Amino acid sequence: MRKLVAAINMTIDGFCDHTAIIPDDELHQHYTNLLANADTILYGRITYQLMEYWKTLLKNPSGEKSMDEFAVTIDNIQKIVFSNTLKHTQWKSALLANKALEEEVLDLRNKSGKDILVGSRSLIIQLINLNLIDEFQLCVHPVLVGKGLPLFDKIKDRTMFKLIKTKTFGSGAIVLYYEPLK
């Protein structure tokens, strides 16, 4: 069975705010490697539209190797977008989900392939409540924002985790790898 991995950036105070962090070459390379070990990523509409930025680098590369490589890698992975408002996607490797989240994930898990990633806060919350996440990769950045969208909002049940490993970046960011205890 394929593994469902929730990977997301957050601040020390637990908020998901992509504008608060400053990604560097090392972080881009980390996420490029993560994507290379998966073949599907699940997004909600907001995160999907945020990630569409990377399509512009395919047409007009930045000249920064880590960013340009990430753009190619994110372009190649299948994206499944969960949205009540989008009618179509503008990315050749993206499609709109045609099933409920739980059903889609269970179907994907039973197909052969690499890991399945989820990178949207709203989907992570839903999948936590459905007990479907196999691994968390929380990249905590050394910044406080004091407000925003908390990652662990509206969680139904207490869940315990086992720390598998950590990865520290030169920027001070750290990835915490957790597995939920079943």
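Up top is the structure.
Within each chain, residue numbers correspond to sequence positions counted from 1 in written order. Where totals are concerned, whole chains, interfaces and linings use all residues; where local detail is concerned, this predicted model gives features only for residues with pLDDT of at least 70, and gives and counts side-chain atom pairs only at 80 or more. Excluding hydrogens and water, the side-chain figures rest on all heavy atoms present in the structure.

**Notes on the pattern of salt bridges**
Condition: Salt bridge, as used here: a side-chain nitrogen of Lys or Arg that lies within 4 Å of a carboxyl oxygen of Asp or Glu. Buried means the residue's accessible area, taken with a 1.4 Å probe over protein chains only, is under 20% of the maximum for its type, while exposed means over 50%, and partly exposed covers the values in between. Labels follow the DSSP assignment, with helices taken as runs of H or I lasting at least four residues and strands as runs of E lasting at least two, numbered in each case from the N terminus.
Enumeration over the complete set of coordinates arrives at eight salt bridges. Here Asp-107 ties to Lys-99 by a salt bridge, and the two come within 2.5 Å at their closest N and O atoms. Residue classification places Asp-107 among the partly exposed positions, given a relative accessible area of 27%. Note on Lys-99: relative accessible area 28%, which makes it partly exposed. Residue Arg-109 pairs with Asp-134 through a salt bridge whose shortest N-O separation is 2.6 Å. In this pair, Arg-109 sits in helix H5 (residues 101-109) while Asp-134 sits in the loop between helix H6 (121-129) and strand S7 (135-141), placing the two residues 25 residues apart along the sequence.

**Focus on the sheet that holds strand S6 (residues 115-118)**
For the record, the criterion: Paired strands are those between which DSSP finds at least two bridges. Interaxial angles span 0 to 180 degrees and are taken between N-to-C directions of axes, which are lines fitted to C-alpha atoms, for helices over the stretch in contact. For this analysis, residues touch if any pair of their heavy atoms sits within 4.5 Å.
Spatial ordering of the open sheet is given by S5-S4-S3-S6-S1-S7-S10-S9, a layout of eight strands whose pairing is mixed. Where the open sheet ends on each side, the last strands, each with one partner, are strand S5 (94-96) and strand S9 (161-168). For this sheet the average axis-to-axis angle between neighbouring strands, irrespective of direction, equals 25°. Note that strand S1 (residues 4-11) and S7 share seven bridges and pair parallel. The residue bridging Met-10 from the neighbouring strand is Val-140, located in S7. Packing against the sheet, H6 makes contact with S1, strand S3 (38-44), strand S4 (78-82), S6 and S7, and its axis sits at approximately 130° to S1.

**Details of the packing of helix H1 (residues 25-36) against helix H4 (residues 65-76)**
To keep it simple, the criterion reads: Roughly parallel here means an angle under 35 degrees, roughly antiparallel means over 145, roughly perpendicular means 65 to 115, and every remaining angle is called oblique. Two helices crossing with the near one rotated counterclockwise from the far one by less than a right angle form a left-handed crossing, whereas a clockwise rotation gives a right-handed crossing. Residues are sorted three ways: Asp, Glu, Lys and Arg are charged, Ala, Val, Leu, Ile, Met, Phe, Trp, Tyr, Cys and Pro are nonpolar, and all the rest, Gly among them, are polar.
Across the interface, H1 lies against H4 with an axial gap of 9 Å and an inter-helix angle of 20°. Between H1 and H4, the angle falls in the class roughly parallel. Along this stretch, H1 crosses H4, giving a crossing that reads as left-handed. Residues Asp-25, His-28, Gln-29, Tyr-31, Thr-32, Leu-35 and Ala-36 of H1 touch H4, and the partners they reach there are Ser-66, Met-67, Glu-69, Phe-70, Thr-73 and Ile-74. Across the contact of H1 with H4, the residue classes tally to six nonpolar, five polar and two charged.

**Regarding the environment of Tyr-177**
Of note, Tyr-177 is situated in strand S10 (residues 174-180). In this structure Tyr-177 comes out as buried when scored by relative accessible area, which is 7%. Each C-alpha atom, one on Tyr-177 and one on His-28, is 18 Å from the other, the two residues being 149 residues apart in sequence. Once residues lying within four places of it in the same chain are set aside, the contact partners of Tyr-177 are His-30, Glu-135, Phe-136, Gln-137, Lys-162, Leu-163, Ile-164, Lys-165, Thr-166 and Lys-167.

**Some thoughts on empty space enclosed by the protein**
Threshold: Buriedness for pockets is judged along seven lines, at least five of which must meet protein on both sides within 12 Å for an open set on the 1 Å grid over protein atoms alone, while cavities are sets there where a 1.4 Å probe fits but cannot get out, and lining residues have an atom within 4 Å of a point. Grid points are joined across faces, edges and corners, and a volume is the space filled by probe spheres set on the points.
Counting across every chain of the model gives one cavity of 30 Å³ or more. Put simply, the largest cavity is a space of about 60 Å³. As for the largest cavity, its lining consists of Leu-127, Ile-128, Asn-131, Leu-132, Ile-133, Phe-136, Thr-159, Phe-161 and Pro-180. Across the lining of the largest cavity, the residue classes tally to seven nonpolar, two polar and no charged.

**Focus: the nonpolar core**
As a rule of thumb, nonpolar side chains are buried together in soluble globular proteins. Keep this limit in mind: Nonpolar cores are built from buried Ala, Val, Leu, Ile, Met, Phe, Trp, Tyr and Cys residues. Side-chain atoms within 4.5 Å join them into one set.
In this structure, Trp-54 and Ile-74 are the most contacted members of the largest nonpolar core, which totals 28 residues. Grouped together as the second largest cluster of nonpolar side chains are 24 residues, Ile-8, Leu-123, Ile-128 and Leu-176 included.

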